[in-house]
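Residues per chain, in single letters:
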Amino acid sequence: MCRQPHPAQLRAALTPVPGAGSVCPFPYAHAVAMDTTQVTSADGFRIPVTEQGHGRPVLIVHPGGGTSAAWAGVARHLMVRFRVLRFDRRTYSVPGGVEPTATMENEVNDVLAVAATAGEPVLLVGHSSGAVVALEAALASTAQVAGMVLYEPPVAVTEPLGGDALVRAKAALAAGDPGRAMEIHLREIVQAPGLLARLLPLVRPLWRQMTTFAPGQIRDDANIESLGVGIDRYAALDVPALLLGGARSPKHLRARLDALAAVLPDVDSLVILPRQGHLANAWAPGKVAQIIEPFADRVLR
């Protein structure tokens, strides 16, 4: 649980932040019934999976910077009609450190292992770096995926995601300075507004959480970079896709989304949320759920 940042200025600034995806802007006041099960991935890694609701399966792959709690609000809306599965990605399973086996290949296998428990093709919902993992999982096993909702995946279209900035972020972590690593991530990889980058370290509880997950975040950046540059391989991914973006998100995320829309063979729609950025899952979970639900009805037949 976390406290809502008080200054209106901070709220406006927080809207477009990738890499702060699991920072909770509002406390969820109502207890929600949920079940937790253990799923074993291909390499034997154990994954605790949270399951809510009943119906056709929706599998959420959370963004960087934290855990699946980032999508708890959206899940609470979707669970009324769907069986919602969430899990904490192994890249973020060790707060303050990073799981040694956290590679893109293993993340993909984790998604597929959880999807297999549904017993039928799932609607895969991925956010930010989680959307890149979702894309790779769908590419690896199209038969397990009925459709994809991709919220601003930072795909490397024409140049590496991190480049020199990622090298310096890794060096900062190795020197024992996770705060500096996150500053590099936000300013240079995410290209967050300068105001945001200045304000975040001043909000101590928020900044502590972000720096706690810095090792995972930088590994996440590196895993995306390991895929190389170019997205032509997704032209073979013949799965219905809903592409989601925020009107206030950094411009490069919209450019990446447009590039993906031009490559994917079955784009159902591209939806840009007005007055929202990269964290609509937290600021407007009901709106996000309302966009997902009719698409889910179309693909989960």
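Refer to the structure above for everything that follows.
Since this is a predicted model, take the numbers as computed values, not measurements.

The rules behind each value
Residues numbered from 1 in each chain as written. Predicted model: local features only at pLDDT ≥ 70, side-chain atom pairs only at ≥ 80, totals over all residues. Heavy atoms only, no water. Buried < 20%, exposed > 50% of the residue type's maximum accessible area, 1.4 Å probe, protein only. Helix = DSSP H or I, 4+ residues; strand = E, 2+ residues; numbered from the N terminus. Pairing = 2+ DSSP bridges. Right-handed = clockwise from strand over helix to strand, strands pointing away. Contact = heavy atoms within 4.5 Å. Expected span 1.5 Å × (residues − 1).

Student: Which parts of the structure should I look at to understand the pairing of strand β6 (residues 145-151)?
Tutor: Consecutive side chains of a regular strand alternate in pointing toward one face of the sheet and then the other. The buried count for β6 comes to 7 of 7 residues, which makes it a mostly enclosed element. Note: strand β5 (residues 122-127) against β6, 6 bridges, orientation parallel. Within β6, the position partnered with L123 by the bridge is G147. For the crossover that starts at β5, traverses helix α4 (residues 129-140) and ends in the parallel β6, the hand is right-handed. With 4 bridges joining them, β6 and strand β7 (residues 241-246) adopt parallel strand pairing.

Student: Teacher, can you tell me more about the side chain of N106 here?
Tutor: Here N106 lies in helix α3 (residues 104-116). The residues contacting N106, other than those within four sequence positions of it, are S41, D43, R90 and T101.

Student: I tried to follow helix α12 (residues 285-299) on my own but got confused; where do I start?
Tutor: Spacing of three or four residues puts side chains on the same side of an α-helix, whose turn is 3.6 residues. Here α12 contains 15 residues, and its C-alpha end-to-end distance of 21 Å stays within 8% of the 21 Å for a straight helix at 1.5 Å per residue. Three or more residues of α12 are buried, namely P285, G286, V288, A289, I291, I292, F295, A296 and V299. Contacts made by the buried residues of α12 are with α2 (72-78), β5, β6, β7, β8 (267-273) and α11 (280-283).

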